[in-house]
Each structure stands twice: as structure tokens, then as C-alpha cells.
Amino acid sequence: MRKQIVQGLLALFLAGPLLAGGLVTGSAKMKFEPGDKVLYETDFKECPVGEFPEGFDKFEKAVECVKYDDHIWIAPATKNGMRLWKKLEIGKKPFSFEYDLLVNPEAKKGIYPKLRLRLLTRGRREKEWNEEEYFGDQPYDVKFYGDRIEVPKVGRVMEIRDNRRKRLHMAIQVRRHQFRLFVDGKRLLSIPFQAENGVHGFEFALWESPAYGILVSNIRIAEYTKKEAKPTPEKLGIGVEKTAEGYKVTVPEKVLFDFGKFILKPEAKEALAAAGDVVRQKRPKKIVVTGYTDNVGSDAYNLKLSLQRAQSVADYLIYCEKLDPGLFTIEGRGKADPIADNATEAGRAKNRRVELRLVE
């Protein structure tokens, strides 16, 4: 059992979108906010049509400025594609990266252009700023394939219909060690960002495209000079209420576990971090972690499952949130003490929970 708990804790570092009770998701709640200190910005409006765009440190193949819908864009001038590199020492600072892209509706049809944005991150070996650590996809590439958007660590994250004439605003947000991707203001994913030596530039690469097949403009990279506020427990679907003995923190099953499982889901990381903050704020003298189930299954099964879940939560709070293990008592109550009607699925979902009693 201890091995499974450790595996569950390790899985938390592959965090994805958060599902909470009543389907509260990060995609619905989290909005894109750009950085406030501009590090690099261009809309190419000073670039004459037909000329190479200034401001890049390295290039391959033919790239030129074009005008479409009364705006200046950059595009590959031949069917051979393009590659552009820009050196920018962002390091480990939190930052945002925005750009617009548009599939040229006048370009040759039948071929989907492929555009990749790559954040240049140094690996363990010392290399020049524009040298890649290894071949193949990098973890934080954002790849546009005309009809879809993909990220190597996740795979396909968005389908695109009627892609011609569709102008997309792409945005990356790196904050609190998370890599978040937004399209037209909607968050598509959030995964851990682990670039041990920081970011030192970016690259745009376009291939398998007709000449002028895709247009790029409005590049803006900015640093966040203020720390991002952590989400409140309520926004994560966690209940916090005052009791006679102190406080009670209730975390629904959907936040923590898959149905019938006791290994913590990747999404549980943010929720349990918020629960840990509540504990630190309240400074209890004792923490009683109690697992509960619905009434489906035998009493013995539910008691065991509820205890395993309580243990998983306590282990995370102790080992990852660094709370004092001497404060904890673990309980499994199975189907006892329901807070909703077990006759409905909605009621059973509410009963499947873990509670933290913070005794003052």
C-alpha cells in the first residue's frame, strides 16, 4: 500500500485541468492575464511589404513581411517554410508569450500548414543559446497543424474547424511553475513547467506549407513582476466551515480520486495545496483526516477504501505540504455520516469525500 501511495504522490507532478465537485474546471474559471513588464513586442507595422522582418537573431529559408486585412504579418515566401530565432534571456522569471496566427485563405488549398513555437530552454549541458538539447519534440512546443493544436506532453488539445480566415490569438502563461496554454482567451491546458536553467529565447518554425500559407503577427513577451495569487479553496470546490471545535475542510472525491480508487489524481495537487494553506492559517492543535464513501458496495470494502483515501490525503499533506505528522489522526468511516441522499448519483457523489477536522 505504501508503494501505491508514493506512486500517487509522484503522479501529482503531471498536473492537468482541475475537476471539482459540480464540474468546476480550470478551463472555465482561469482567464489569461498578460505580463505587465514587456520584454519584447512587435506588430511588424514598420516592416515594408516584401522585406525581411528585423529583430531576429537567426533565420533559415525565406521570410518576408506581407499585408493582409490592413495589417502587417510575417510569412514564408516559398513552399520551403521558414525558421526564425530570437535570443531573449527570460531565465526563470514568470512570463507570458502571445502571438496571432492566421491561415491565409488565398493560399493553395489541400495542404495544412504546420507552425511550431518552441521555447528555447538549456539542458544540463552548456550550449549556445540556439542549440537544441536533443532531437525531436521539446516538452513545451506549441504546434499548429491547421486543423488542430498539439503539445508534445499532452497530445491534441484543440480541434479547429473552418480554419481559413480564422484568426487565432495564442497565449502561453508560465507562472507558479506551471505552463498554461490559452487560445482566444480560453485555457486549454496546464502542466508543470520544469526548465532547470530557464528560458533564453524562442523559435518559430513553419514547414509543409504553400508560400504565404500562414501568417504570424502581434508577438508580445512580458514578465510578471507580481506574484500570482493562489486560487481560494472555494474556487477549487473545497468547503471550509467553522465548527464548535475549530474548522472543517471538506474535499470532494472528484477533486482527489477516480471512482473506487485511493491513488491521488494529478488534479489533486492544487486542491491539497490550498487545504495545506488553510491548515497553516488556522494553526490547529490536531488534524483528524476522515475518509467517507457512498453506500454502494459492502461495508468492509467501503471501510477499507475510506481509510486508504484518508491515508493518501494525510501522506500528501505531510510529505508534500510539510505539515507536522504529529498533528494527524487517520480515520475511515465508510458509508457512515452521509451528508446527502444516497438514493441519487448527485447525493452519492457528495458523500464520497475526505474531511479534515482542524481542532483548535
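Here the structure is shown first, and the text comes after it.
Treat the numbers as computed from the prediction; the structure is a model and nothing was measured. (Residues numbered from 1 in each chain as written. Predicted model: local features only at pLDDT ≥ 70, side-chain atom pairs only at ≥ 80, totals over all residues. Heavy atoms only, no water.)

Details of the nonpolar core
Core analysis: the biggest nonpolar cluster contains 48 residues, and F97, Y99, F144, I149, F179, L181 and F204 have the highest contact counts within it. The greatest single-element share of this core, amounting to five residues, is contributed by strand β8 (residues 95-103). Filtering out sequence-adjacent residues up to four positions away, F179 remains in contact with L119, Y140, V142, I172, Q173, V174, L189, S190, I191, P192 and F193. If you look at the next biggest cluster of nonpolar residues, it comprises 29 residues, including I238, A268, A271 and A274. (Core = buried A, V, L, I, M, F, W, Y, C linked by side-chain atoms within 4.5 Å. Buried < 20%, exposed > 50% of the residue type's maximum accessible area, 1.4 Å probe, protein only. Helix = DSSP H or I, 4+ residues; strand = E, 2+ residues; numbered from the N terminus. Contact = heavy atoms within 4.5 Å.)

So, the pairing of strand β22 (residues 353-359)
Within β22, six of the seven residues are buried, which leaves it mostly tucked inside the rest of the structure. By the bridge criterion, seven bridges tie strand β19 (residues 246-252) to β22 in an arrangement that is antiparallel. Each residue of the ladder has a partner; that of G246, found in β22, is V359. One ladder, built from seven bridges, connects strand β20 (residues 286-292) with β22; its direction is antiparallel. Bridged to I287 within β22 is L358. (Pairing = 2+ DSSP bridges.)

Describing the packing of aromatic side chains
Per the stated rule, a full pass over the model turns up 13 aromatic pairs. Each ring, one from Y40 and one from F202, has its centre 6.1 Å from the other, and the planes form 50 degrees; the classification is tilted. You can see Y40 sitting in strand β3 (residues 37-42) and its partner F202 sitting in strand β16 (residues 199-207), a full 162 residues away along the chain. The residues Y40 and F202 share a single accessibility class, namely buried. Taken together, the ring pairs connect Y40, F97, Y99, F202 and F204 into an aromatic cluster. Sitting over the ring of Y224, R175 keeps its end group 3.8 Å from the ring centre. (Phe/Tyr/Trp six-rings, centres within 6.5 Å; stacked < 30°, edge-to-face > 60°. Lys NZ or Arg CZ within 6 Å of the ring centre and 35° of its normal.)

Things to note about the sheet that holds strand β10 (residues 142-144)
Read from one edge of the open sheet, seven strands run β4-β7-β16-β9-β10-β11-β12, paired in antiparallel fashion. On the outer flanks of this sheet lie β4 (58-60) and β12 (155-159), each paired with one strand and no other. When strand polarity is set aside, the average angle formed by the axes of neighbouring strands in this sheet is 20 degrees. Pairing of strand β9 (residues 114-121) with β10 involves three bridges; the strand directions are antiparallel. In the sheet register, L117 faces β10, and the bridge partner there is V142. (Axes fitted to C-alpha atoms, helices over the stretch in contact; angles between N-to-C directions.)

Regarding the sheet that holds strand β18 (residues 239-242)
Taken in spatial order, the five strands line up as β18-β19-β22-β20-β21 in an open sheet, and their pairing is mixed. Looking at the sheet topology across the chains shown, the edges are occupied by β18 and β21 (328-332). In this sheet, adjacent strand axes meet at a mean angle of 15 degrees when their direction is disregarded. Of the strands in this sheet, β18, β19, β20 and β22 are in contact with helix α4 (residues 268-282), which crosses β22 at around 15 degrees. The sheet contacts of helix α5 (residues 299-319) involve β20, β21 and β22, and relative to β21 the element is tilted by about 155 degrees.

Observations regarding unusual backbone geometry
For residues that are not glycine, phi is negative in most cases, and the peptide bond is trans in most cases. Residues other than glycine seldom take positive phi values, yet N218 does so here, at roughly 50 degrees. Along the chain, N218 turns up in strand β17 (residues 214-223). Here the phi dihedral of K322 falls at roughly 60 degrees; this positive angle occurs in a residue that is not glycine.

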